[in-house]
Amino acid sequence: MLALDGADLGYGGTPVLRGVRLNVAPGERVALLGRSGSGKSTLLAALLASAAPDRRVALVPQDATLVPQLSALRNVLMGRLDDHGAWRNLRTLIRPSRADRQAALADLARVGLAPEADRRVEALSGGQKQRVALARALHRGGDLLLGDEPLSAVDPRQAEALAATIRDGFPTAVLALHDVAIARAFATRVIGLRQGSFLFDLAVADLDAARIEALYAR
Ligand SMILES: Nc1ncnc2c1ncn2[C@@H]1O[C@H](COP(=O)(O)OP(=O)(O)OP(=O)(O)O)[C@@H](O)[C@H]1O
């Protein structure tokens, strides 16, 4: 479904990750772990670029990329903008049809945000913004979710519930995560990034404390 075949990943000739070999099969839920700057976002970008054009991919980028002046509901509606032509989109954003509004509201409800549907995103908390971005991805739907720390601003109990919502919403997902407990609960497979390469790439059942310690050691 996604495949990187020994590529060096980086910026302007400076590799961040070297010789990345990675295949993600349908049905896998992959957690990317590693210290800040280890290359999780870089790897997600390369995975996105490797997706076949007929795959429908939903994204939760790190900086939520929401339109702050618009309501939560309208931001969620944007998840499907590339399904339609410009006129239909304009109409949807100015005056959504009842069906579109209901569908977007249902997706906000999945992340516990239905009461905030008509509030402008700029007036929401960081965690609420993150949940709007997740609702937008759920509204888009698809074969695959790529998420860059999509649960970093919500509290641990909420993160667990949202991880389950992601699991129900997408058959396949790759998420950069910083919370090891959430990664264990969510993922089938865990990849640890350190110093320019994979320190491990394991089934979640094989992830032990020593590996986690080595991953984050200074
Ligand atoms: N657009 C860019 N141009 C040049 N270097 C970049 C760019 N984006 C990231 N980098 C560098 O690449 C390295 C990996 O960054 P990346 O954002 O992939 O790490 P990360 O693991 O996602 O970090 P974090 O957990 O802090 O989000 C860092 O050294 C970073 O400075």
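Predicted model only: the values in this text are computed from it and were never measured.

How would you summarise the sheet that holds strand 7 (residues 189-194) if you had to cite specific residues and measurements?
Judged by pairing direction, the sheet is mixed, and its six strands sit side by side in the order 4-5-6-3-7-8 without closing on themselves. In this open sheet, the two strands that pair with only one neighbour each are strand 4 (57-60) and strand 8 (197-203). If you compare each strand with its neighbour and ignore which way they point, the axes differ by 15° on average. Looking at chain direction, strand 4 and strand 5 (residues 144-148) are connected through four bridges and run parallel. If you follow Val60 over to strand 5, its bridge partner there is Gly147. Along the sheet face, helix 5 (residues 126-140) touches strand 4 and strand 5 and points at about 175° away from the line of strand 4.

Help me get a handle on the site of the ligand, residues and values and all.
Neighbouring residues of the ligand: Tyr11, Val16, Arg35, Ser36, Gly37, Ser38, Gly39, Lys40, Ser41, Thr42 and Gln62. Between the ligand and Lys40 there is a distance of 2.8 Å, counted from an oxygen atom to a side-chain nitrogen or oxygen. Interatomic distance of 2.5 Å between a side-chain N/O atom of Thr42 and an oxygen atom of the ligand. For the ligand, whose unbound accessible area comes to 640 Å², protein coverage reaches 56%. Here the shell around the ligand gets three residues from one element, more than from any other, and that element is helix 1 (residues 40-50).

Provide a residue-level description of unusual backbone geometry, including the pertinent values.
The backbone of Glu149 shows a phi angle near 50°, a positive value even though the residue is not glycine. Examined against the element boundaries, Glu149 turns out to sit in the loop between strand 5 and helix 6 (156-169). By relative accessible area, Glu149 is classed as buried at 11%. Phi is positive for Gln195, close to 45°, though the residue is something other than glycine.

Please set out the packing of helix 4 (residues 98-110) against helix 5 residue by residue, giving values where relevant.
Closest axis-to-axis distance for the helix 4/helix 5 pair is 8 Å, and the angle between their directions is 130°. Judged by the inter-axis angle, helix 4 sits oblique to helix 5. The handedness of the crossing between helix 4 and helix 5 comes out as right-handed. The residues of helix 5 that touch helix 4, namely those facing Asp100, Ala103, Ala104, Asp107, Leu108 and Arg110, are Ala135, Leu138 and His139. Residues that form the contact of helix 4 with helix 5 fall into these classes: five nonpolar, one polar and three charged.

Got a sec to walk through the nonpolar core? Specific residues and values, please.
Grouped together as the largest cluster of nonpolar side chains are 45 residues, with contacts concentrated most on Leu33, Leu108, Val132, Leu145, Leu151, Ile166 and Leu177. Taken together, domain 1 (1-56 + 142-218) and domain 2 (68-139) each give at least three residues to this core, which thus spans both. The residues touching Leu177, leaving out its near neighbours within four places in the chain, are Ala31, Leu32, Leu33, Glu149, Pro150, Leu151, Ile182 and Ala183. Counting 21 residues, the second-largest nonpolar core is a separate cluster that includes Leu43, Val57, Ile191 and Leu193.

Hey, could you go over the packing of aromatic side chains for me, with residue numbers and the actual values?
All told, the structure shown has zero aromatic pairs when counted by the stated rule. Against the face of Phe186 rests Arg29, its NZ or CZ located 5.8 Å from the ring centre.

Break down a nonpolar patch on the surface for me, with residues and values.
A cluster of nonpolar side chains, Trp87, Leu90 and Ile94, forms an exposed patch at the surface whose accessible area comes to about 410 Å². Along the chain, Trp87 falls in helix 3 (residues 86-94).

Tell me about the domain arrangement of the chain, and name the residues and values.
Per the domain assignment, the segments of the chain are domain 1 (1-56 + 142-218) and domain 2 (68-139). Using only C-alpha atoms to locate each centre, domain 1 and domain 2 end up separated by 26 Å. Buried area between domain 1 and domain 2, both sides added, is near 970 Å², and the carbon and sulfur share of it is 58%. Looking at the side of domain 1 facing domain 2, the largest losses of area belong to Arg56, Leu162 and Thr165, adding up to 39% of the total buried there. Inspection of the domain 1/domain 2 interface yields zero salt bridges. Counting every contact that joins domain 1 to domain 2 gives four residue pairs in polar contact (both at pLDDT 80 or more). Here the element with the most residues in the side of domain 1 that touches domain 2 is helix 6; it accounts for five residues. Taken together, the residues of the side of domain 1 that touches domain 2 break down into eight nonpolar, four polar and two charged.

Scoring rules and cut-offs
Residues numbered from 1 in each chain as written. Predicted model: local features only at pLDDT ≥ 70, side-chain atom pairs only at ≥ 80, totals over all residues. Heavy atoms only, no water. Pairing = 2+ DSSP bridges. Helix = DSSP H or I, 4+ residues; strand = E, 2+ residues; numbered from the N terminus. Axes fitted to C-alpha atoms, helices over the stretch in contact; angles between N-to-C directions. Contact = heavy atoms within 4.5 Å. Near = heavy atom within 4 Å. Polar contact = N/O pair within 3.5 Å; in protein donor to acceptor, adjacent residues only side chain to side chain. Areas by Shrake-Rupley, 256 points an atom, 1.4 Å probe, with all protein chains shown as cover. Buried < 20%, exposed > 50% of the residue type's maximum accessible area, 1.4 Å probe, protein only. Parallel < 35°, antiparallel > 145°, perpendicular 65-115°, else oblique. Left-handed = near helix turned anticlockwise from the far one by under 90°. Nonpolar A, V, L, I, M, F, W, Y, C, P; charged D, E, K, R; others polar. Core = buried A, V, L, I, M, F, W, Y, C linked by side-chain atoms within 4.5 Å. Domains from an automatic or database assignment. Phe/Tyr/Trp six-rings, centres within 6.5 Å; stacked < 30°, edge-to-face > 60°. Lys NZ or Arg CZ within 6 Å of the ring centre and 35° of its normal. Patch = residues over 30% accessible without salt bridge, like charges linked within 9 Å, V, L, I, M, F, W, Y side chains within 5 Å. Salt bridge = Lys/Arg side-chain N within 4 Å of Asp/Glu carboxyl O. Buried area = accessible area lost by both parts, 1.4 Å probe.

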